[in-house]
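# Coordinates in review
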2 protein chains.
Amino acid sequence: MNNSRTRRRGEELIAAIHAAVIEEVMEVGVGRLTMDGIGKRAATARTTLYRRWSDPIEVLLDALYHAHPVEEPSPGADDLRGDLIRALRLMRDWMLSPAGHAVASILTDPVSASKISEELVDRVFAVRGGTFTNTVLRHYAERGHFPAELLTPVVADIGEALVTKRLIDTRTPPSDADLADMVDQAILPAIGLGPDVRGRRRPDPEA
Amino acid sequence: MNNSRTRRRGEELIAAIHAAVIEEVMEVGVGRLTMDGIGKRAATARTTLYRRWSDPIEVLLDALYHAHPVEEPSPGADDLRGDLIRALRLMRDWMLSPAGHAVASILTDPVSASKISEELVDRVFAVRGGTFTNTVLRHYAERGHFPAELLTPVVADIGEALVTKRLIDTRTPPSDADLADMVDQAILPAIGLGPDVRGRRRPDPEA
DNA sequence: GGAATTAGATACACGAGTGTAGCTTAGGAT
DNA sequence: ATCCTAAGCTACACTCGTGTATCTAATTCC
């Protein structure tokens with residue numbers, strides 16, 4: 001297959017395979033994943049794959065398990081609105097990454113859905129469970145910027161839900177301005193700040 | 001294949017095939033759709049399928065195109081909150097139906113995504129674009145129950161987005177109580193009604 | 001009742017992916 | 001320098017899906 005003088009082994013090879021399966025799923029979808037396709041893309045022999053995994057979905061799950069964890073939003077400055085927007089930006093960028101696509105792909109596939117372990121869910125998928133804006137919201141709720149009772153599971157989901165939906169039905173990522181609108185028009189009102197009837201602009205009123 | 005005295009033709013046969021492909025996609029996903037699988041499930045010969053469609057995705061798209069349109073929410077009573085909940089209930093039930101699954105499946109599949117026509121989008125997918133709560137919200141906005149400027153595209157999406165997200169990440173449909181929470185804690189606040197700090201209960205304050 | 005239509009069945013050559021076996025050889029360890 | 005592990009390669013038998021061709025018989029139309 002490859003006559004080159006270098007033959008990859010161990011970590012290096014596995015990393016290449018992980019990258020390959022994630023690219024592959026982005027291109028053909030989970031349902032059309034094959035050992036053959038993964039092998040070709042990673043420039044390795046099918047036998048090598050079978051030595052480690054039993055089928056394409058196992059390869060994918062393993063790849064996701066070892067994927068770099070998503071950067072977490074750090075509520076640094078005293079700027080709720082800004083931090084929320086930043087959190088959504090992180091989420092949007094992650095969803096646009098190959099790993100993000102792969103996760104979305106797996107979650108909507110009937111076959112692979114049943115194979116995902118508890119551990120994987122915690123490690124990889126939990127980010128979708130609201131980690132992004134939730135981290136920020138909890139931080140500011142604890143500091144009394146808004147009543148903590150308002151931070152319900154539903155409210156913690158609003159931002160991520162809107163970003164997800166936008167991606168699904170328009171297939172184009174929301175711009176930074178779109179994210180700001182989501183924060184201003186949906187999240188902030190839900191925690192008792194707003195909405196501003198006069199429209200789009202909304203500097204963070206904070207305390 | 002089937003020795004029975006009755007041989008289906010025309011409409012009847014096509015309807016059976018449509019039903020079959022939609023069941024099939026629910027079970028195996030778009031990526032694993034095959035003419036063979038569809039044929040077997042519909043108890044018809046593959047030749048019959050090829051006479052009409054060139055590949056499995058075409059069959060699926062045709063099925064969706066001919067699917068019964070989703071029931072639209074009718075904002076009848078003077079009950080914004082109740083109508084919103086009913087709208088979300090309609091949406092949830094539709095998403096749980098085979099057709100709903102099929103649509104979700106197609107929208108997240110990289111291959112079929114490129115084959116969907118403008119027409120199909122308008123006819124079938126538009127419901128996800130906000131038709132459910134949007135219909136209700138527009139109705140009450142026009143009647144002055146809340147300021148119309150607040151009904152932005154983002155706000156029109158909140159309910160559907162939350163329902164979608166809940167389904168994707170927990171894989172269990174939201175209960176009626178969950179839907180009520182979404183309305184109370186996310187939609188109503190966004191249009192200037194609430195949130196009620198004391199918590200869950202929220203009779204429609206209306207005008 | 002006869003003709004036209006079209007579903008059903010069967011067969012076939014083909015390609016793609018599978019899972020395994022066996023061999024060769026590069027890379028790393030000692 | 002040698003040994004051992006593991007990657008690369010080839011081959012094979014097998015299954016599944018494809019697309020087409022051909023024949024048959026059920027249904028419908030008149």
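Residues numbered from 1 in each chain as written. Chains lettered and ligands numbered in written order. Predicted model: local features only at pLDDT ≥ 70, side-chain atom pairs only at ≥ 80, totals over all residues. Heavy atoms only, no water.

### Thoughts on the overall build of chain A
From N to C terminus, chain A includes 11 helices and zero strands. Each of the 207 residues in chain A was classed as buried or not, and the buried ones make up 54%. Here the analysis covers contacts within chain A between residues at least 6 apart in sequence; of these, 68% occur between residues at least 24 apart. Accessible surface, chain A as shown: approximately 9,700 Å² in total, 51% of it carbon and sulfur. (Helix = DSSP H or I, 4+ residues; strand = E, 2+ residues; numbered from the N terminus. Buried < 20%, exposed > 50% of the residue type's maximum accessible area, 1.4 Å probe, protein only. Contact = heavy atoms within 4.5 Å. Areas by Shrake-Rupley, 256 points an atom, 1.4 Å probe, with all protein chains shown as cover.)

### Observations regarding the side chain of A:Asp83
All names here are of chain A. Tracing the backbone shows Asp 83 in helix α5 (residues 80–96). A relative accessible area of 4% means that Asp 83 is categorised as buried. One polar contact links Asp 83 to Arg 86, side chain to side chain, over a distance of 2.8 Å. Here Tyr 140 takes part through its side chain, which lies 2.5 Å from a polar atom of the side chain of Asp 83. Sequence-distant contacts of Asp 83, defined by excluding residues within four places in its chain, comprise Ser 74, Pro 75, Gly 76, Ala 77, Val 136 and Tyr 140. (Polar contact = N/O pair within 3.5 Å; in protein donor to acceptor, adjacent residues only side chain to side chain.)

### A word on the relation of the copies chain B and chain A
Once chain B is rotated about the relating axis by 180° and shifted along it by 0.0 Å, it coincides with chain A to within an RMSD of 0.1 Å. The superposition operator between the copies reduces to a two-fold rotation axis. Using C-alpha coordinates, one finds that chain B approaches the rotation axis most closely at B:Gly31, a distance of 2.0 Å. When the interface residues of chain B are mapped onto chain A, 100% of them again fall at the interface, so both copies present the same face. (Least-squares fit on C-alpha atoms with pLDDT ≥ 70 in both.)

### Describing the interface of chain B and chain A
At the interface, 47 residues of chain B touch 47 residues of chain A. With both sides pooled, the region where chain B packs onto chain A buries about 3,700 Å², and carbon together with sulfur makes up 61% of that total. Contact with chain A buries area across many residues of chain B, yet B:Arg32, B:Val154 and B:Lys165 alone supply 18% of it, more than any other trio. Where chain B meets chain A, there are four salt bridges. (Buried area = accessible area lost by both parts, 1.4 Å probe. Salt bridge = Lys/Arg side-chain N within 4 Å of Asp/Glu carboxyl O.)

### Considering the pattern of salt bridges
Pairs may arise between side chains of opposite charge once their charged atoms sit close together. Residues and elements named next belong to chain A. Tallying each qualifying case throughout the model produces 34 salt bridges over all chains. For the salt bridge of Arg 46 with Asp 36, the shortest nitrogen-to-oxygen distance reads 3.0 Å. With Arg 46 in helix α3 (residues 46–52) and Asp 36 in helix α2 (residues 35–42), this residue pair connects regions lying 10 residues apart in the sequence. Put simply, Lys 115 and Glu 58 hold a salt bridge, and the shortest N to O gap is 3.0 Å. Taken together, the residues Lys 115 in the loop between α7 (110–113) and α8 (118–123) and Glu 58 in helix α4 (residues 56–65) connect sequence positions 57 residues apart.

### Quick notes on the environment of A:Leu84
With respect to the helices, strands and loops of the structure, A:Leu84 is situated in helix α5. C-alpha of A:Leu84 to C-alpha of A:Leu137: the two residues are 53 residues apart in sequence and 7.8 Å apart in space.

### Some details on empty space enclosed by the protein
Overall, the coordinates contain four cavities of 30 Å³ or more when judged by the stated rule. Contributing to the lining of the largest cavity are 14 residues, with A:Val30, A:Ser105, A:Asp109, B:Val30 and B:Asp109 lying nearest its centre. Considering only residue class, the lining of the largest cavity consists of four nonpolar, eight polar and two charged. (1 Å grid on protein atoms, 1.4 Å probe; cavity = no way out; pocket = protein on both sides within 12 Å on 5 of 7 lines; lining within 4 Å. Points joined across faces, edges and corners; volume = space filled by probe spheres on them. Nonpolar A, V, L, I, M, F, W, Y, C, P; charged D, E, K, R; others polar.)

### Focus on the confidence of the model for chain A
Do not read the predicted coordinates in detail wherever pLDDT is low. Averaged over every residue, the pLDDT of chain A is 86; the share at 70 or more is 89%. Across residues 197–207 of chain A, confidence stays below pLDDT 50; counting only partners more than four residues off in sequence or on other chains, it has 26 contacts. (pLDDT = per-residue confidence, 0-100.)

### A word on helix α1 (residues 10–28) of chain A
End to end, α1(A) covers 27 Å across 19 residues, agreeing with the expected 27 Å (1.5 Å per residue, within 8%). Every buried residue of α1(A) is accounted for by A:Leu13, A:Ile14, A:Ile17, A:His18, A:Ala20, A:Val21, A:Ile22, A:Glu24, A:Val25 and A:Val28. The elements touched by buried residues of α1(A) are α2, α3, α4 and α6 (98–107) of chain A together with α7 (110–113) of chain B. Looking at the residues trailing α1(A), positive phi occurs at A:Gly29, about 90°. (Expected span 1.5 Å × (residues − 1).)

### Concerning the packing of helix α10 (residues 153–170) of chain A against helix α11 (residues 176–190) of chain B
Contact geometry of α10(A) with α11(B) gives a least axis separation of 9 Å together with a crossing angle of 70°. Relative to α11(B), α10(A) is oriented roughly perpendicular. Helix-helix and strand crossings are classified by hand; for α10(A) and α11(B) the assignment is right-handed. Two secondary-structure elements touch here, α10(A) through A:Val154, A:Val155 and A:Ile158 and α11(B) through B:Asp181, B:Met182, B:Gln185 and B:Ala186. Per-class residue counts for the contact of α10(A) with α11(B) are five nonpolar, one polar and one charged. (Axes fitted to C-alpha atoms, helices over the stretch in contact; angles between N-to-C directions. Parallel < 35°, antiparallel > 145°, perpendicular 65-115°, else oblique. Left-handed = near helix turned anticlockwise from the far one by under 90°.)

### Some remarks on the packing of helix α5 (residues 80–96) of chain B against helix α6 (residues 98–107) of chain B
All names here are of chain B. Contact pair α5 / α6: the axes reach a minimum separation of 4 Å and the direction vectors enclose 80°. Overall, the two elements α5 and α6 adopt an arrangement that is roughly perpendicular. Residue-level contacts link Trp 94, Met 95 and Leu 96 of α5 to Pro 98, Ala 99, Gly 100, His 101 and Val 103 of α6.

### A word on the environment of A:Tyr140
With respect to the secondary-structure elements, A:Tyr140 resides in helix α9 (residues 131–142). On a C-alpha basis, the gap between A:Tyr140 and A:Asp78 in space is 8.7 Å, while along the polypeptide they are 62 residues apart.

### Some points on α5(A)
All names here are of chain A. Taking 1.5 Å as the rise per residue, α5 with 17 residues should run 24 Å; its terminal C-alpha atoms sit 24 Å apart, in good agreement. Taking burial as the measure, the 17 residues of α5 include 12 buried ones, the bulk of the element. Taken together, the buried positions of α5 are occupied by Leu 80, Arg 81, Gly 82, Asp 83, Leu 84, Ile 85, Ala 87, Leu 88, Met 91, Arg 92, Trp 94 and Met 95. Its buried side turned inward, α5 meets α6, α9, α10 and α11 (176–190).

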